[in-house]
Amino acid sequence: MKFIQYIEKIREFNRYYANVLGKIDQEIYNQPFPLTEARIITEIKLSNGSTATEIQDKLGIDRGYMSRIIQRFEAENIVTRTQSNEDKRQYLLYLTEYGDKIYNDLVESANIGVDKMIHSLSQKEISTLVSSMQTIKSIGSKEDSLMPEVVIRPYQAGDIGYVAQLHGKLYGETYHFKQVFEYYVMKGLTDFMLDQEGGALWIAEVNGENVGSIAITKSSETEAQLRWFVIDDKYQGLGIGNKLINTAITFCKAQNYQHIFLWTVSILEAARHLYGKFNFTKTEEKTNDEWAETTLIEERWDLHLLDKKQQ
């Protein structure tokens, strides 16, 4: 077998993850809803109108076992059937009001259980774990196989130079910034490398190629600064900006920051649009005659994480 070493590694991972799933089954899901039944309840909720056969095929459950579970769920008023308008021979499954309550309880229990499993991990380890899970899901999904694989990961050795290089190249070629701007970026990145407390830097990848970055640096115990948000022009339109900003805001909430601010320039219309989309508001302006041949307008944008719309 040509790829025997890879096959053995995959089987090794499968054995490990089967044990993880067993732990989830035992510690998170309680009787009378073990993992398989919880998955069925979840699938009925999320599909909001699928047949038992569709759910059975998606989850890989034995037909007879699936039938017995659905019959019990009906008897216990967890699930109801509704005849399909398109095919009178088919019946669609929905959760009842009681079923919705069970689903919500399962979600709460699962969230608590997963939080318990990862509470000892660092933010960087959690980000790496989630990125790896997304990679496995993307590779294994036939539906996603033709789509570019976008991954947001914590920075690694050598990435600091890439972030500085992308800023210098993009701003120099597109906006005619002078070399002093690249120095400004490199100085900030050097300071970050020496003191990363309360901060983090992420790299965006498309099919394994670096295409962008974003970072959070600590300004005070309650305030963080969003920095070095940049995306290679060739990869616009893939939702990378949304993923990067979401990652940064999620990190800030986990660090209990109450406020995020950033500085940008008025000519960066796409970035400014994204900041507005995420409820940042422009709060200050100042002129800059150092970075380009023409005068730039620097803008400060602020986001208060304790606003009702952010809770």
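What you are looking at is a predicted structure, and each value in this text was computed from that prediction instead of being measured.

S.K.: In this structure, what is going on with the packing of helix α2 (residues 35–47) against helix α5 (residues 97–118)? I would like to understand it.
M.R.: Any two packed helices are characterised by the angle at which their axes cross and by the distance between the axes. Direction vectors running N to C along α2 and α5 enclose 115°, while the axes themselves pass 10 Å from each other. For the crossing formed where α2 meets α5, the hand is left-handed. Counting all contacts with α2, which are made through A38, I41, T42, K45 and L46, the residues of α5 involved are D100, I102, Y103 and L106. In the contact of α2 with α5, the residues fall into six nonpolar, one polar and two charged.

S.K.: For this particular structure, what's the right way to read the pattern of salt bridges?
M.R.: In a structure, side chains of opposite charge can pair up when their charged atoms sit close to one another. Under the counting rule described, the total for this entry stands at 19 salt bridges. Of the charged contacts, one joins E12 and K9 as a salt bridge, the two residues approaching to 3.9 Å between their closest N and O atoms. Here K9 and E12 lie together in helix α1 (residues 4–27), a separation of three residues that amounts to about one turn. Relative accessible area serves as the criterion here: at 43%, E12 is assigned to the partly exposed category. Owing to a relative accessible area of 57%, K9 belongs among the exposed residues under this scheme. With its nearest N and O atoms 3.2 Å apart, the salt bridge here joins R72 to E76. Overall, the relative accessible area of 26% leaves R72 in the partly exposed class. Taking the relative accessible area as the measure of exposure, E76 reaches 34% and is therefore partly exposed. Overlapping salt bridges, with partners in common, bring together R272, K282, E285 and E299 in one network.

S.K.: Looking at this structure, I do not really get the sheet that holds strand β7 (residues 259–265). What am I missing?
M.R.: Across a sheet, strands are paired by hydrogen bonds formed along the backbone, either parallel or antiparallel in direction. Across the sheet, seven strands lie side by side as β3-β4-β5-β6-β7-β9-β8; this open sheet has mixed pairing. With one partner strand each, in any of the chains shown, β3 (150–154) and β8 (281–288) form the two edges of the open sheet. Between one strand and the next, the sheet's axes are offset by a mean angle of 25°, whatever the strand orientation. In terms of strand pairing, β3 meets strand β4 (residues 200–206) through five bridges, oriented antiparallel. Residue R153 lies in a different strand from β4, and its bridge partner there is I203. The strands touched by helix α8 (residues 179–194) are β4, β5 (209–218) and β6 (223–231); relative to β6, the strand with the most contacts, the crossing angle is about 130°.

About the cut-offs
- As a convention, each chain's residues are numbered from 1 in the sequence order in which they are written.
- Owing to the predicted nature of the model, reporting of local features is limited to residues with pLDDT of at least 70; listing and counting of side-chain atom pairs is limited to 80 or more, with chain, interface and lining totals taken over all residues.
- Note: side-chain values were computed over all heavy atoms of the structure, leaving out hydrogens and water.
- A fitted line through C-alpha atoms represents every axis, and for helices the fit uses only the stretch in contact; the resulting angles, taken between N-to-C directions, go from 0 to 180 degrees.
- Numbering goes from the N terminus for both helices and strands, where a helix is a DSSP run of H or I of at least four residues and a strand is a run of E of at least two.
- Here a crossing is taken to be left-handed if its near helix is turned anticlockwise relative to the far helix by less than a right angle, and right-handed if that turn runs clockwise.
- By definition in these notes, contact holds between two residues if any of their heavy atoms fall within 4.5 Å.
- Residue type decides the class: Asp, Glu, Lys and Arg count as charged, Ala, Val, Leu, Ile, Met, Phe, Trp, Tyr, Cys and Pro as nonpolar, and the leftover types, Gly among them, as polar.
- Salt bridge, as used here: a side-chain nitrogen of Lys or Arg that lies within 4 Å of a carboxyl oxygen of Asp or Glu.
- Relative accessibility decides the category of a residue: with a 1.4 Å probe and only protein chains considered, values under 20% of the type maximum give buried, values over 50% give exposed, and everything between is partly exposed.
- Note: two strands are recorded as paired if DSSP finds a minimum of 2 bridges between them.

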